[in-house]
Amino acid sequence: MLADKRVAVVVPAHNEEILLPETLAGIPDFVDRVFVVDDASRDATADRARTAAVSDPRIELVVHERNRGVGAAIVSGYRRAIAERIDVTCVMAADNQMDPSELATLVEPVASGSVDYAKANRLFTGQAWELIPRHRYLGNAVLSLLTKIASGYWHVADSQSGYTAVALETLERLDLDRIYPRYGFPNDMLVHLNIVNARVHDFPSRPVYGVGERSGIKLRSVVPRISWLLVKGFFWRLREKYVIRDFHPLVFFYGLGLLMSAAGLGLGIALIVLRALGHGITAATGVLVALLLIFGSQFTLFAMWFDMESNKDLK
């Protein structure tokens, strides 16, 4: 327990027989329950968890018969925590890339009730550029920007960090079945948290790499897939939060901004093509394109500003 609150750690694991034992051994003593979710591993991950459970009764193994994705594994752990009425539930990856000494930093603000969801941010430190592989750093930066827009949490960065802590009451308000079940879960989780007006805060975290972890992530496929997920999440959030649950005029600003920007861009491309084919273009047409792009960007920026103001209390 910490601050008189029961604490659980969910450890999603897929083919992590090498690093899982070290990860479990490092979990602090104040943690009451550890849910290792084996997502249909093909190696001895489940056996390693069972062995660890012999000496550590806090550990419980949950097995997926088929591979459902890291997000689905986390949700399975969340459901066990809800069933046992755990006050604060954390997530630590099984690859030993999350410093267990930082766990209390995430748990304490959630246990005290000052935030509903705490997450690690590896980009706070000046060492991030040197320690994180460059291609992953750049991919993270792109997805973090898109996640800010999609989720409405403009103060949150390092969207790919899965080192988190969440309050029981917040978990119970979420539709866990709807959250994206694979890589991209942390991004979609933030979108869903914004819908329920959860207070989210970043905490500095030390990047950990080079401990023997194996990454099967291919950014050339992951970034486009998650980007499309965030586009859909953005429009879903606007509908749920600003139309259905509590109407806000920023939907008009976003609508007009996107419509005028698209019209201006389309017309501008058409004019360039016509010009390249030797057709004449009137000055009025050029002015129309410029006005569409200017007003489109203005409306969009005003919508973003309204969104930031609406979510400034969710810190």
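Refer to the preceding data block for the structure.
Residues numbered from 1 in each chain as written. Predicted model: local features only at pLDDT ≥ 70, side-chain atom pairs only at ≥ 80, totals over all residues. Heavy atoms only, no water.

Novice: How do you make sense of the packing of aromatic side chains when you look at a structure like this?
Specialist: We describe a pair of aromatic rings using the distance from one ring centre to the other and the angle between the two ring planes. If you walk through the whole model with that rule in mind, you get seven aromatic pairs. Ring geometry for Trp 305 versus Phe 306: centroids 5.4 Å apart, planes at 55 degrees, classification tilted. The class for Trp 305 is partly exposed, based on a relative accessible area of 46%. According to the relative accessible area criterion, Phe 306 is partly exposed, its value standing at 23%. Members of the aromatic cluster, joined through ring pairs, are Phe 253, Phe 299, Phe 302, Trp 305 and Phe 306. (Phe/Tyr/Trp six-rings, centres within 6.5 Å; stacked < 30°, edge-to-face > 60°. Buried < 20%, exposed > 50% of the residue type's maximum accessible area, 1.4 Å probe, protein only.)

Novice: It is not clear to me how unusual backbone geometry should be interpreted in this structure. Could you clarify?
Specialist: With the exception of glycine, most residues fall at negative phi, and the peptide bonds are largely trans. With phi around 55 degrees, Ala 3 is a residue other than glycine that occupies positive phi space. Along the chain, Ala 3 falls in the segment before β1 (7–13). (Helix = DSSP H or I, 4+ residues; strand = E, 2+ residues; numbered from the N terminus.)

Novice: Just checking my understanding: could you explain helix α8 (residues 185–195) for this structure?
Specialist: For an α-helix, 3.6 residues make a turn, and residues three or four places apart therefore share a direction. α8 sits mainly inside the fold: eleven of its eleven residues count as buried. Turning to α8, its buried residues are Phe 185, Pro 186, Asn 187, Asp 188, Met 189, Leu 190, Val 191, His 192, Leu 193, Asn 194 and Ile 195. Asn 197 sits one or two residues past α8 and shows a positive phi near 60 degrees.

Novice: Which parts of the structure should I look at to understand a nonpolar patch on the surface?
Specialist: Together, Leu 265, Ile 269, Val 273, Leu 277 and Leu 293 make up an exposed nonpolar region whose accessible area comes to about 470 Å². Considering every element that reaches the nonpolar patch, the biggest residue donor is helix α10 (residues 250–276), with three residues. Of note, Leu 277 is situated in the loop between α10 and α11 (283–310). (Patch = residues over 30% accessible without salt bridge, like charges linked within 9 Å, V, L, I, M, F, W, Y side chains within 5 Å. Areas by Shrake-Rupley, 256 points an atom, 1.4 Å probe, with all protein chains shown as cover. Salt bridge = Lys/Arg side-chain N within 4 Å of Asp/Glu carboxyl O.)

Novice: Before we go on, may I ask you to explain a positive patch on the surface in this structure?
Specialist: Residues Arg 66, Arg 68, Arg 182 and Arg 225 make up a contiguous surface patch of positive charge. Here Arg 66 is to be found in the loop between β3 (59–64) and α3 (70–83). Classification of Arg 66 by relative accessible area gives exposed; the value is 58%. (Lys, Arg positive; Asp, Glu negative; His and termini not counted. Charge placed at Lys NZ, Arg CZ, Asp CG, Glu CD.)

Novice: What is the right way to read the sheet that holds strand β6 (residues 164–167) from this model?
Specialist: In a beta sheet, neighbouring strands are held together by backbone hydrogen bonds and run either parallel or antiparallel to one another. The strand order across the open sheet formed by seven strands is β3-β2-β1-β4-β6-β5-β7, and the pairing between neighbours is mixed. Single-partner strands in this sheet number two, and they are β3 and β7 (200–204). The sheet shows a mean angle of 20 degrees between the axes of neighbouring strands, taken without regard to direction. The sheet strands contacting α3 are β1, β2 (33–39), β3, β4 (88–91) and β6, and the helix crosses β2 at an angle near 145 degrees. Across the sheet, α8 touches β5 (117–121) and β7, and the angle it forms with β5 is around 145 degrees. (Pairing = 2+ DSSP bridges. Axes fitted to C-alpha atoms, helices over the stretch in contact; angles between N-to-C directions. Contact = heavy atoms within 4.5 Å.)

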